[in-house]
Amino acid sequence: MKKSLSEQAVEYLEYLKEQGLTHVPASKKIRPKPTSVAAASKPQAPHRQASTPSPVEAASALPASSVPSAPPAGGVDTLESLKAEIAQCHACPLWETRLHTVPGQGILHPDIMFIGEGPGQNEDEQGLAFVGKAGQLLTKMIQAMGYAREDVFIANIVKCRPPGNRVPSPDEMAGCMPYLKRQIAIIQPKLIVCLGATAVRGLVQEQTSISRVRGSWREFEGIPVMLTFHPAYLLRDPRKKVEAWADLKAVLARLGKTPPTMPAKP
Ligand code: SF4
C-alpha cells in the first residue's frame, strides 16, 4: 500500500535521527532561477526543492562524511562511473543550488593535473571545469607550457558550485575530497598543480596564504604537487603572472621539459 506523505515524512525524520541529526531547519531554501539564456536553455540537473523527500530519496541524502572513498565492493573505479556517482551526489548542501555537477575533464595519465577551487557560474551552467574567464587564462597558461587543454586533466576541490562563488566550507571540501582522491588514483598524473589557496587547503591541508607558499613543492600520495596562484587571482592582479610563469617553468623542469622558445604570454 502506498504510504501517505506524513508517513513518509516520519520515516525520513527517523532516518535523519539515525544519521545523528538532532534538528532540521524550519526555513525553506529557494533555489535561484538561472538568469542567462544559456542556463535557461540547458537541461537541468535533477533537483529537489523543499518538498519532503521519499525514504528512497533519503537513502541517498547521506552526510558528507559518507561519500564512499572507494568504489562499491567488486566494482572498478573509472572516470565514467565516478562521474555518474557525482551526478547523483547529495552528500553536502552544495547539491541544492547546483545546475550541473562539474567532475572535471581531461585524459588519463597526463603529465599534469590542474586542481582549482570549485565551479563558478559558467562551469555550473555547462558542467565543465574552467570554462569562464579564469578558464580562458588557464588555457593560455597551459598553451604557454607547450600543451593543449586536451593533454592535461582539469578538476576542482568541490564538484558543485558554491552559491555566489563563495569559498567552499571546510565541511564541503572534506565531503567532496573522496571523489578527488579517487579521480587522482584513476587518472594517475605525473604531477599536480594546485591553483590557489583553497586547492592548497583541500589537497595538502595547509591553512596558509598562497603568496607565502607559491612556487614550492608538496606531495600528495607520492605525486609531486606545485602550488601556484589561481587564474582568477591573476586576472585581478596581472603583475603576479610573472611569478605564476616561474612556477609553471619549474613544473616543466621537473617533467624534464623546456617551455617553447617563444611562449604565448599567459
Ligand atoms: S560538492 Fe561534492 S560532496 Fe557536495 S554535493 Fe557536490 S559532489 Fe557531493
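Structure's up top.
### Comments concerning the overall build of the protein chain
So, point 1. Looking only at helices and strands, the protein chain has eleven helices and six strands in total.
So, point 2. By the burial criterion, 34% of the 266 residues in the protein chain qualify as buried.
So, point 3. Once local pairs closer than 6 in sequence are excluded, the contacts in the protein chain between residues at least 24 apart make up 72%.

### Digging into the pairing of strand E2 (residues 112-116)
So, point 1. Most of E2 sits inside the fold, with five of its five residues counted as buried.
So, point 2. The side-chain alternation of E2 yields two buried faces, one formed by Ile-112, Phe-114 and Gly-116 and the other by Met-113 and Ile-115.
So, point 3. Two strands pair when backbone bridges link them, and E2 and strand E4 (residues 191-195) are joined in this way by four bridges, in the parallel orientation. Counterpart to Ile-115 in the pairing with E4 is Cys-194.
So, point 4. In the sheet, E2 pairs with strand E3 (residues 153-156) via four bridges, with the strands oriented parallel. By the bridge assignment for E3, Gly-116 is matched with Asn-156.

### Remarks on unusual backbone geometry
Comment: phi is negative for the bulk of residues other than glycine, and the bulk of peptide bonds are trans.
So, point 1. Positive phi, normally seen in glycine, also occurs at Gln-188, with a value near 50 degrees.
So, point 2. Within the element layout of this structure, Gln-188 appears in the loop between helix H7 (170-187) and E4.
So, point 3. The exposure class of Gln-188 is exposed, given the 12 C-beta atoms found within 10 Å.
So, point 4. Positive phi, close to 45 degrees, is recorded for Glu-221, a residue that is not glycine.

### Some remarks on the environment of Glu-219
So, point 1. Within the element layout of this structure, Glu-219 appears in strand E5 (residues 217-220).
So, point 2. Note on Glu-219: 10 C-beta atoms within 10 Å, which makes it exposed.
So, point 3. In this structure, the C-alpha to C-alpha distance between Glu-219 and Leu-191, residues 28 residues apart in sequence, is 9.2 Å.
So, point 4. In contact with Glu-219, not counting residues within four places along its chain, are Pro-224 and Val-225.

### Thoughts on the pairing of E5
So, point 1. Pairing of E5 with strand E6 (residues 223-228), which is carried by four bridges, proceeds in the antiparallel orientation. The partner of Arg-218 across the bridge, within E6, is Val-225.
So, point 2. Here E5 hands over to E6 after two residues, with Glu-221 in that stretch at a positive phi of 45 degrees.

### Structural notes on the sheet that holds E2
So, point 1. Overall, mixed pairing links the six strands, which are arranged E1-E3-E2-E4-E6-E5 in an open sheet. Strand pairing shows two members of the sheet lacking a second neighbour, strand E1 (105-106) and E5, which therefore form its edges.
So, point 2. Against the sheet, helix H8 (residues 197-204) touches E2, E4, E5 and E6, its axis set at about 130 degrees to E4.
So, point 3. Sheet strands in contact with helix H11 (residues 241-254) are E2, E4 and E6, and its direction is about 165 degrees off that of E6.

Conventions used here
Residues numbered from 1 in each chain as written. Predicted model: local features only at pLDDT ≥ 70, side-chain atom pairs only at ≥ 80, totals over all residues. Helix = DSSP H or I, 4+ residues; strand = E, 2+ residues; numbered from the N terminus. Buried ≥ 20, exposed ≤ 12 C-beta atoms within 10 Å, placed from the backbone. Contact = placed C-beta atoms within 7 Å. Pairing = 2+ DSSP bridges. Axes fitted to C-alpha atoms, helices over the stretch in contact; angles between N-to-C directions.

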